[in-house]
Amino acid sequence: QVQLVESGGGLVQAGGSLRLSCVASGRTFSKQAMGWFRQAPGKEREFVAALSWSGGSTYYADSVKGRFTISRDNAKNTVYLQMNSLKPEDTAVYTCATTESYSGPVIRAYDYDYWGQGTQVTVSS
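Residues numbered from 1 in each chain as written. Predicted model: local features only at pLDDT ≥ 70, side-chain atom pairs only at ≥ 80, totals over all residues. Heavy atoms only, no water.

### A short note on the environment of Ala-97
When you line up the elements, Ala-97 lands in strand E9 (residues 92-99). Given a relative accessible area of 0%, Ala-97 falls into the buried group. Spatially, the C-alpha atoms of Ala-97 and Met-34 are 5.8 Å apart, while their sequence positions differ by 63 residues. Setting aside anything within four residues of it in sequence, one finds Ala-97 in contact with Leu-4, Ala-33, Met-34, Gly-35, Tyr-112, Tyr-114 and Trp-115. (Helix = DSSP H or I, 4+ residues; strand = E, 2+ residues; numbered from the N terminus. Buried < 20%, exposed > 50% of the residue type's maximum accessible area, 1.4 Å probe, protein only. Contact = heavy atoms within 4.5 Å.)

### Re unusual backbone geometry
At Asn-77, a position not held by glycine, the phi torsion is positive, near 55°. With a relative accessible area of 27%, Asn-77 lands in the partly exposed category. You will see that Ser-85, though not glycine, has its phi angle at about 50°, which is positive. Mapped onto the elements of the fold, Ser-85 is located in the loop between strand E8 (78-83) and E9. With relative accessibility at 41%, the residue Ser-85 sits in the partly exposed group.

Encoded structure:
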């Protein structure tokens, strides 16, 4: 069993930055691929970014490429999402997830085994 707890969300003006954190506990975090997803009100959950277990491979949604950076610190069992140049359309609940089945970046939600409860990010115009 793996538990994931996100933090770092909040209210920010357009053009600003936030860094989300996701702390994992339970099974071997360092061998698990991680990902971030988001869901805005009235919309389906969408993929944001993914990271291999080693941190050497990443994958981003086109909508955030060049603005967001996913990284991990295996010593702290933590994955981060650095979000820069935020836009109002980035407003959503951001959730981290992990999979025990894949070591490389995973973009499909149903491939993930464990999910956090999410943290709200609101970007004002």
